[in-house]
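Examining the three-dimensional arrangement
Chain by chain, the residues:
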Amino acid sequence: MQIPISKFDAISQQTIEIREPRLSDGAHMWRIAEDSRVLDTNSSYAYLLWCRDFPNTSMVAEIDGEVAGFVIGYTRPAWPHTLFVWQVAVDHPHRGHGLGVDMLDALLESCASQGVTQLETTISPDNPASVAMFASLARRRGAALTRTPLFTADQFPGGHQPEDLYRIAPITSQEDWR
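Throughout what follows, the structure given in this document is the object of discussion. (Residues numbered from 1 in each chain as written. Predicted model: local features only at pLDDT ≥ 70, side-chain atom pairs only at ≥ 80, totals over all residues. Heavy atoms only, no water.)

So, on to the overall build of the protein chain. Along the protein chain, the regular secondary structure elements total 5 helices and 8 strands. For the protein chain, with 178 residues in total, the buried portion stands at 43%. (Helix = DSSP H or I, 4+ residues; strand = E, 2+ residues; numbered from the N terminus. Buried < 20%, exposed > 50% of the residue type's maximum accessible area, 1.4 Å probe, protein only.)

Structure, rendered in structure tokens:
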């Protein structure tokens, strides 16, 4: 189990804890995803299952005791050294302060110790903020970032944007890249 990361942000005067999600976080995660107006919102049931079944490959950020963001991911069954990040979400009042990157860093630290060597995620072309966040993550870790087409718009029902696959590798512990 991941040891929680706690810090006090002197600028905002808030205590931030980044930890694995608990079942009680599922409803908060669903609300943040729904309120984002950017993410494809899964059912509330899916977020509860995620908290139950994939806590080792996901993170929640709490600010002063309230869920303020989350990252959900899983290791790919056929490629167990690959972490697929499904969603990163930060509640509106907490955006723009690096919380998404902090959660990704905490998740990568945990997963690197479990043998993960690369991260994958998909991003639609209309989401430059996510591209910038993952590019920043790769730069800070000294890893390569590659992009390839994965799903075309015609593969989705209902007019979804295409999704490009972004891969960051190699993933190493902070001790190795600092």
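Now that the structure has been shown, we can carry on.
Attention now goes to the nonpolar core. Residues Leu83, Val85, Leu104, Leu119, Phe134 and Ile168 are the most contacted members of the largest nonpolar core, which totals 31 residues. Of all the secondary structure elements, the ones that give two or more residues to this core are strand E2 (14-19), strand E3 (58-63), strand E4 (66-76), strand E5 (79-90), helix H3 (99-112), strand E6 (118-123), helix H4 (128-141) and strand E8 (163-169). Setting aside anything within four residues of it in sequence, one finds Leu83 in contact with Thr57, Gly73, Tyr74, Thr75, Leu107, Leu108, Cys111, Val116, Gln118, Leu119 and Glu120. In terms of nonpolar packing, the next biggest core, distinct from the first, is built from 11 residues, Ile32, Tyr47, Val60 and Ile72 among them. (Core = buried A, V, L, I, M, F, W, Y, C linked by side-chain atoms within 4.5 Å. Contact = heavy atoms within 4.5 Å.)

A few words now on the packing of aromatic side chains. Going through the model one piece at a time under the given rule, you end up with 8 aromatic pairs. Measuring from ring centre to ring centre gives 5.3 Å for Trp50 and Trp86, while their planes differ by 70°; the resulting arrangement is edge-to-face. Within this pair, whereas Trp50 is found in helix H2 (residues 44-53), its partner Trp86 is found in strand E5, the two being separated by 36 residues in sequence. For Trp86, a relative accessible area of 41% corresponds to the partly exposed category. Aromatic side chains Phe151 and Phe156 sit 6.0 Å apart centroid to centroid with 80° between the ring planes, which places their arrangement in the edge-to-face category. We classify Phe151 as partly exposed; its relative accessible area is 39%. With a relative accessible area of 25%, Phe156 lands in the partly exposed category. Ring-pair connections join several aromatic residues into one group, and the members of that group are Trp50, Phe54, Tyr74, Phe84 and Trp86. (Phe/Tyr/Trp six-rings, centres within 6.5 Å; stacked < 30°, edge-to-face > 60°.)

The subject of this paragraph is the packing of H3 against H4. For the pair H3 and H4, the least separation of the axes is 10 Å and the interaxial angle reads 50°. With respect to H4, the element H3 is oriented oblique. Judged by the twist between their axes, the crossing of H3 over H4 is right-handed. Judged by residue contacts, Gly100, Val101, Leu104, Asp105, Leu108 and Glu109 of H3 engage Met133, Phe134, Leu137, Arg140 and Arg141 from H4. When its residues are assigned to classes, the contact of H3 with H4 shows 6 nonpolar, 1 polar and 4 charged. (Axes fitted to C-alpha atoms, helices over the stretch in contact; angles between N-to-C directions. Parallel < 35°, antiparallel > 145°, perpendicular 65-115°, else oblique. Left-handed = near helix turned anticlockwise from the far one by under 90°. Nonpolar A, V, L, I, M, F, W, Y, C, P; charged D, E, K, R; others polar.)

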